[in-house]
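# Inside the fold
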Amino acid sequence: MSVAVNSLIPVEQWLATTLKGDATLAALAPGGVFVGQTPEGMATFPAVVFGSGSALPVGAVGNAPFMVNAVYFVKVIAKSDSYVAADNAFNRILFLLDQKSGTATAGTVYSVQQEGQYIRYPETGAGGIQFRHSGGNFRIYAH
Amino acid sequence: MTIGVVEVQFNTLPQLAAGLGAGVQRVLNDSATDIAEEAIRITSTAYPPASAPGEPPAMRTAELNASIHAVPDAGPLEADVVAGTDYAVTLEYGGVNLAARPFMTPAVETKKAAIQERLNGLLP
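Residues numbered from 1 in each chain as written. Chains lettered and ligands numbered in written order. Predicted model: local features only at pLDDT ≥ 70, side-chain atom pairs only at ≥ 80, totals over all residues. Heavy atoms only, no water.

This model, assessed by the stated rule, comprises eight salt bridges over all chains. Of the charged contacts in the structure, one is a salt bridge between Arg92(A) and Asp22(A), with a shortest N-O distance of 2.8 Å. You can see Arg92(A) sitting in helix 3 (residues 84–97) and its partner Asp22(A) sitting in the loop between helix 1 (9–20) and helix 2 (23–28), a full 70 residues away along the chain. A salt bridge links Arg139(A) to Glu109(B); its shortest N-O distance comes to 2.6 Å. Of this pair, Arg139(A) sits in strand 6 (residues 130–142) while Glu109(B) sits in helix 4 (residues 104–120), which puts the two residues in different chains. Assessed through its relative accessible area of 9%, Arg139(A) is described here as buried. Linked through salt bridges whose partners overlap, the residues forming this network are Glu115(A), Arg139(A), Glu109(B) and Lys112(B). (Salt bridge = Lys/Arg side-chain N within 4 Å of Asp/Glu carboxyl O. Helix = DSSP H or I, 4+ residues; strand = E, 2+ residues; numbered from the N terminus. Buried < 20%, exposed > 50% of the residue type's maximum accessible area, 1.4 Å probe, protein only.)

Structure representation (structure tokens):
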């Protein structure tokens with residue numbers, strides 16, 4: 001089972017608009033908001049990255065899906081050997097996304113709910129540069 | 001008007017409650033095995049070609065999918081699914097310049113309905 005890519009457009013529009021539109025998050029994560037990954041050679045961190053972990057159609061058997069049931073990860077990447085900056089920005093993301101809903105030009109986001117454990121892991125980049133990832137999964141129903 | 005008194009003749013609730021914990025643990029153990037098998041299945045597509053961003057990773061060395069396994073009885077009402085390489089989390093959620101190739105989240109989501117059915121099956 002899979003969903004058409006355009007079913008996810010409202011989700012990604014809403015996430016980008018919500019995250020980019022918040023001045024507090026922009027101050028905590030001045031690197032910006034990106035889908036999938038940060039651009040090669042980016043210098044400013046922390047930055048926010050989100051992407052789809054899973055997307056399943058919702059609908060009665062034999063009928064066209066009327067909704068998408070998606071799990072998105074949203075995380076902050078900090079160029080640091082500490083989680084503090086990434087955690088602070090992710091706390092703001094939780095405030096902006098968890099238990100929320102809204103509309104995008106391409107459709108409607110019915111509900112957003114954080115679920116599962118927090119995502120936290122280190123990464124050593126080229127030249128030994130340390131990064132810390134802090135985020136979580138969000139279940140999103142949209143149409 | 002008479003209001004009758006309902007007398008409980010057979011209270012099976014304590015028996016049900018006692019059996020439920022073991023049943024749930026059994027479902028969790030079976031479900032962890034199913035999720036691990038699904039995660040192994042979707043990470044078994046041979047490389048080349050490389051996986052696209054958002055798709056499960058293609059299998060280059062088999063190290064990742066050989067490391068995926070279920071841990072039954074991991075705790076009270078807990079069973080785990082483990083991907084035992086240090087780069088598994090970076091594949092699942094992405095790196096600084098690497099888009100995510102999720103494999104555990106899709107495996108869980110694919111099996112979720114079956115897990116729910118098994119849990120429902122525990123109730124009389």
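Picking up after the structure, the text goes on.
This part is about the packing of helix 1 (residues 13–42) of chain B against helix 4 of chain B. Residues and elements named next belong to chain B. At a closest axis distance of 9 Å, the pairing of helix 1 and helix 4 adopts a crossing angle of 150°. By the angle between their axes, helix 1 is roughly antiparallel relative to helix 4. As helix 1 packs across helix 4, the resulting crossing turns out to be right-handed. Here Val24, Val27, Asp30, Ser31, Asp34, Ile35, Glu38, Ala39 and Ile42 of helix 1 lie close against helix 4, whose contacting residues are Met104, Pro106, Ala107, Val108, Thr110, Lys111, Ile115, Arg118 and Leu119. In the contact of helix 1 with helix 4, the residues fall into 11 nonpolar, two polar and five charged. (Axes fitted to C-alpha atoms, helices over the stretch in contact; angles between N-to-C directions. Parallel < 35°, antiparallel > 145°, perpendicular 65-115°, else oblique. Left-handed = near helix turned anticlockwise from the far one by under 90°. Contact = heavy atoms within 4.5 Å. Nonpolar A, V, L, I, M, F, W, Y, C, P; charged D, E, K, R; others polar.)

Right, let's talk about the environment of Arg41(B) for a bit. Residue and element names in this part refer to chain B. Structurally, the position occupied by Arg41 is in helix 1. Owing to a relative accessible area of 54%, Arg41 belongs among the exposed residues under this scheme. Side chain to side chain, Arg41 and Glu38 meet in a polar contact 2.9 Å long. (Polar contact = N/O pair within 3.5 Å; in protein donor to acceptor, adjacent residues only side chain to side chain.)

Moving on to the confidence of the model for chain B. All names here are of chain B. Residue-level pLDDT values for chain B average 91, and 94% of them are 70 or greater. Model confidence for chain B, summarised as mean pLDDT per element, is weakest for helix 1 at 91 and strongest for strand 1 (residues 68–75) at 97. What the predictor reports for the complex is a pTM of 0.89 with an ipTM of 0.91. (pLDDT = per-residue confidence, 0-100.)

Strand pairing in a sheet relies on backbone hydrogen bonds, with the paired strands running either antiparallel or parallel. Read across the sheet, six strands follow the order 1-2-3-6-5-4 (chain A) without closing on themselves; strand pairing throughout is mixed. In the strand order of this sheet, the two ends are held by strand 1 (33–35) and strand 4 (100–104) of chain A, each with one partner. Neighbour-to-neighbour, the strand axes of the sheet open up by a mean angle of 30°, direction not taken into account. The pairing of strand 4 of chain A with strand 5 (residues 107–124) of chain A spans four bridges and is antiparallel. Bridging from a neighbouring strand, Ala104(A) pairs with Gly107(A) of strand 5 of chain A. Along the sheet, helix 3 of chain A makes contact with strand 2 (47–58), strand 3 (67–78), strand 4, strand 5 and strand 6 of chain A, crossing strand 6 of chain A at roughly 10°. Its contacts with the sheet put helix 4 of chain B on strand 2, strand 3, strand 5 and strand 6 of chain A, and the angle it makes with strand 2 of chain A is roughly 25°. (Pairing = 2+ DSSP bridges.)

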